[in-house]
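Each chain, letter by letter, is given below.
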Amino acid sequence: MSYCRQEGKDRIIFATKEDHETPSSAELVADDPDDPYEEQGLILPNGDINWNCPCLGGMASGPCGEQFKSAFSCFHYSTEEIKGSDCVDQFRAMQECMQKYPDLYPQEDENDEKSSKDLEAASMEASAAKEEKASS
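Note that this is a predicted model, so its numbers are computed, not measured.

Some details on the pattern of salt bridges
Per the stated rule, a full pass over the model turns up 3 salt bridges. Between Lys9 and Asp10 there is a salt bridge, with the nearest N and O atoms lying 3.2 Å from each other. Note on Asp10: relative accessible area 40%, which makes it partly exposed. The partner of Arg92 in a salt bridge is Asp89, and the shortest N-O contact between them spans 3.7 Å. With Arg92 and Asp89 both in helix α3 (residues 88–99), this residue pair falls 3 residues apart, about one helical turn. By relative accessible area, Arg92 is classed as partly exposed at 30%. Its relative accessible area of 57% is what places Asp89 among the exposed residues.

Some details on the pairing of strand β1 (residues 3–7)
Across 5 bridges, the pairing between β1 and strand β2 (residues 10–14) is antiparallel. Bridged to Arg5 within β2 is Ile12. Hairpin connection, β1 to β2: the antiparallel pair is bridged by 2 residues, and Gly8 has positive phi, about 65 degrees.

Focus: the state of the cysteines
What the rule picks out here adds up to 3 disulfides. At a sulfur-sulfur separation of 2.4 Å, the disulfide partner of Cys53 is Cys55. Linking Cys53 and Cys55, the disulfide has an S-S dihedral of approximately 130 degrees and is accordingly described as right-handed. Bridging Cys64 to Cys97, the disulfide has an S-S length of 2.0 Å. Across the S-S bond linking Cys64 and Cys97, the dihedral sits near -90 degrees, which makes this disulfide left-handed. Residue Cys64 is found in the loop between α1 (17–21) and α2 (65–77), and its partner Cys97 is found in helix α3; the two are separated by 33 residues along the sequence. Judged on exposure class, the residue Cys64 and its partner Cys97 are both buried.

Topic: the nonpolar core
Judged by nonpolar contacts, Leu56, Ala60, Cys64, Phe68, Ala71, Met94, Cys97, Met98 and Tyr105 together constitute the single largest core of 9 residues. Going through the elements one at a time, α2 and α3 are the ones with two or more residues in this core. The dominant element in this core, judged by the number of residues it contributes, is α3, at 3 residues. Those residues within four positions of Cys97 in sequence are excluded, and the remaining contacts are Pro63, Cys64 and Gln67.

Rules used in this analysis
Residues numbered from 1 in each chain as written. Predicted model: local features only at pLDDT ≥ 70, side-chain atom pairs only at ≥ 80, totals over all residues. Heavy atoms only, no water. Salt bridge = Lys/Arg side-chain N within 4 Å of Asp/Glu carboxyl O. Buried < 20%, exposed > 50% of the residue type's maximum accessible area, 1.4 Å probe, protein only. Helix = DSSP H or I, 4+ residues; strand = E, 2+ residues; numbered from the N terminus. Pairing = 2+ DSSP bridges. Disulfide = S-S within 2.5 Å. Core = buried A, V, L, I, M, F, W, Y, C linked by side-chain atoms within 4.5 Å. Contact = heavy atoms within 4.5 Å.

Structure representation (structure tokens):
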């Protein structure tokens, strides 16, 4: 004999072997490719950024969400020869914002910190190369 019981917020359903022998009458609904809540990945079919993608780890929200969106958008839509070399200011603003919230955005350990400094140096070189190219 099957039955249900409520325990706090949980509903517990006990089913018998006979309950499972009866074919299901549930009807499955076909996936709607235009469903805005359907997981689409980072880049939507129209080329826009899906800010709700779990792959962003919530970076698009929170105290530095706008700076993250600005930097990420700049990089995504960058047409520079060195992709993203025109986004140094946006990434710097994002980094400065994150440094104001060390509990939310913890600093990396020493090995990762070295990589971060290397990345920043490469970014500065790209920026200098861009300025040099523009002044020629």
